[in-house]
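Fold and geometry: a report
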Amino acid sequence: MKKIVIDPVTRVEGHGKVTIHLDENNNVKESFFHIVEFRGFERFIQGHPYWEAPVLVQRLCGICPVSHHLAAAKAIDQIVGIEPKDLSLPAQKIRKLLHFGQIFQSHALHFFYLASPDLLFGVDADPAKRNVAEVAIAHPELAKKGILMRKFGQEIIKTIAGKRIHGISAVPGGVHKKITLKERDYFLNSKEIPSVDAMINWSVEIIDFLKGYHNINKKWLDEFAEYPSGHLGLVNKDNGFLELYDGNLRALDANGKVTLNDIPSDDYIQYFNEGVEKWSYLKFPYLKDLGREKGWNRVGPLARINICNGIETPLAEQERLIFKLSTHGKINNKTMYSHWARLIEMLYCAEMMKKLLNDEDILSNDLVRKGERRSEGIGIIEAPRGTLIHHYEVDDRDRITRCNLIVSTTHNNEPMNQAVKWVANNVISGEPKITEGMLNQVEVAIRAYDPCLSCATHALGQMPLNIRLEDCEGNLIDEKIRS
Amino acid sequence: MKKLDHKAIVIGIGNIGRQDDGIAWLFLDYLKEQNINIDLEYRYQLQIEDAELISNYAKVFFIDATKETTEHGFYLKPCLPSITYNFSSHAVEPETILRLCNKLYNRNPETSILGIQGYHWDLKIGLSKKGTINFNKAKKYFNDKVLINYL
């Protein structure tokens, strides 16, 4: 038997490794997507005062620190006795604006910087060409818009949290700073940066671009890494619409049957278990009722668009309806459609940012609420990559005694392993020669999930990524290592 | 403060929580105290959008800690646009940023890199002894040769 190793997997956040075992005829025997960083944040946060959690845990990640900041903040709100609905309206809206800015910039980063090289140049293109710098040179107008869209989201974050990475906005029971008129106008008047209206227009343009790409490449996009899975995410408590900040948990199976019926996020622990495998530091969450084999779910843009009843903003809703037509209204299990779903969410975020920027509440000083102290808090939000769960317990001296984090990429662990299996079985298996383009397709399938492996294992240190090919005795035949 | 006929920016790359990797940020802290007419930006890593940022300036200085052995503990060298690209989404080289600035925005700011040699990179705040010596040498050189034009 032979073994292929891809190490590191590239254009993802963090360090992962893929191993594919082949028999003597190059037929795939088994495949694994390993996460090889160690897990530490849940432990070393213990003993710290609870109000430090939103600041400390965002250090898990340099891409989506805002998501961790806000999930922790929601949990800490509960510890000071404040439910999401009890926050002042200005605090709710400022947090949501921060969250939409974060998702907008993260989705722009993924589409323009990480995914577009495969789409624009092809999965078999020269590896030296498959990077964002080459995209920028070959498609300068697209690149310039991508840069300014990411910048817009980052400027929203900087305005609210003080800096683009690892800033601070949330405090227990609210936020510490309002938005000033001058700060608000910066995003509306087009004087220094393109306005939020430009962000909406460009989001529509890029969706149109991708729809055109789908028309030309429909067969490949329909078939590549398509496999049945569950889909999990938050939905609006009142109408089941797309919800990114606070809602109920809903899951549907591959055929659209409800497997988790809009449960309050505080009850998550009754419904989820986490499995472990000896070959990965990343756990495997699943729905208890369905068990480890059948209870796993995709999370993130594709899952969210699949499970929601609608989108509250008009342009994104229009695009959602078009997206749903591609599967005749049924659940979409096609991995490559994640990119399209991600862009619909970008448009939704842009529309929501416009709505919130024009809301006078964000200029208010009514920022913090207090309630009755509790010993436990749970915060669940939809991060760019999917459902993010923060759960803390504290003692009488305000110290954190227990912390449980289930991050988006952890939910996507089994789906990504399924994606690797699909490529191994459908692209690599039985081929006499394994090409670089074939191995890149393994990465393309993983990349569609936009995994954040540093978040998923709460890593410290450097994060290279690795693909290995081994024979049946485990001897290494070929290996790609990028650090 | 001197009134300049051009816009200048110093971009410091590093992480203050990683010993000598914090050199560039400390350098920016030092520049901030000098009350100079230069914009300052702190970065963990450079990103593609920094090409757009530097397109707005006539002079650009990138400052970073380096593991390379240097003759004087630091170097100040011109930054030339690179044709190579590092695969990582986490870090883009100054040379790549400059190339993208040229290609996307048709701008070519006069760009330099100040590399200051570091030795220790663990999770700890504070420079190593040798790192501190190099930091001070680089400060003096930058003061005498560059900052003098901006004070």
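Residues numbered from 1 in each chain as written. Chains lettered and ligands numbered in written order. Predicted model: local features only at pLDDT ≥ 70, side-chain atom pairs only at ≥ 80, totals over all residues. Heavy atoms only, no water.

1. Some details on the domain arrangement of chain A
Residues and elements named next belong to chain A. How we decide: Domain borders in the structure are assigned automatically or taken from a domain database. Should any heavy atoms of two residues lie within 4.5 Å, those residues are considered in contact. As used here, buried area is the combined drop in accessible area, with a 1.4 Å probe, of two parts when they are placed together. Here, a salt bridge means any side-chain nitrogen of Lys or Arg that lies within 4 Å of a carboxyl oxygen of Asp or Glu. Strands are runs of DSSP state E lasting at least 2 residues, helices are runs of H or I lasting at least 4, and numbering of each runs from the N terminus.
Taken domain by domain, chain A consists of domain 1 (47–195 + 362–460) and domain 2 (227–333). Between the C-alpha centres of domain 1 and domain 2 there is a distance of 18 Å. Taken together, the 40 residues of domain 1 in the interface contact 30 residues of domain 2. Together domain 1 and domain 2 conceal approximately 3,000 Å² of surface at their shared face, both sides included; 64% is due to carbon and sulfur atoms. Linking domain 1 with domain 2 are 3 salt bridges. Across the pair E382 and R304 runs a salt bridge whose closest N-O atoms are separated by 2.8 Å. Of all the secondary-structure elements, those providing two or more residues to the side of domain 1 that touches domain 2 are α3 (65–79), α4 (89–121), β12 (376–383), β13 (386–394), β14 (400–406), α15 (408–411), α16 (413–428) and α18 (453–457).

2. A word on the side chain of R304(A)
Residues and elements named next belong to chain A. Note the following rule: When a residue's accessible area, from a 1.4 Å probe over protein chains only, is under 20% of the maximum for its type it is buried; when over 50% it is exposed; and in between it is partly exposed. Any pair of nitrogen or oxygen atoms within 3.5 Å is treated as a polar contact; in protein, a donor-acceptor pairing is required on top of that, and neighbouring residues in sequence qualify only through side-chain atoms on both sides.
Tracing the backbone shows R304 in helix α12 (residues 301–307). Residue classification places R304 among the buried residues on the basis of a relative accessible area of 0%. Looking at R304, its side chain comes within polar contact range of the side chain of E345, at 2.6 Å.

3. A look at the sheet that holds strand β6 (residues 230–235) of chain A
Residue and element names in this part refer to chain A. Put simply, the rule is: Pairing between strands is defined by DSSP: at least two bridges between the two strands are required.
Pairing within the open sheet is mixed, and its 4 strands lie in the order β8-β7-β6-β11. If you trace the sheet from one side to the other, it starts and ends with β8 (258–264) and β11 (297–298), each paired once. Pairing of strand β7 (residues 248–252) with β8 involves 4 bridges; the strand directions are antiparallel. Directly across from L249, in β8, lies its bridge partner I263.

4. Details of the sheet that holds strand β5 (residues 110–117) of chain B
Residue and element names in this part refer to chain B. Heads up, the condition is: With axes taken as lines fitted to C-alpha atoms, and helix axes fitted only over the stretch in contact, angles between N-to-C directions fall between 0 and 180 degrees.
Ordered in space as β2-β1-β3-β5-β4, the 5 strands form an open sheet in which the pairing is mixed. One side of each edge strand has no neighbouring strand; the edge strands of this open sheet are β2 (39–43) and β4 (74–78). Here the average twist between neighbouring strands, direction ignored, is 15 degrees. One ladder, built from 8 bridges, connects strand β3 (residues 59–66) with β5; its direction is parallel. Its bridge partner lying in β5, T66 is registered against Q117.

5. Quick look at the side chain of N333(A)
All names here are of chain A. Among the structural elements, N333 can be located in the loop between α13 (314–325) and α14 (338–357). The exposure class assigned to N333 is buried, which follows from its relative accessible area of 9%. Setting aside residues up to four positions removed in sequence, N333 forms contacts with A225, E226, Y227, P228, S229, H231, A254 and R298.

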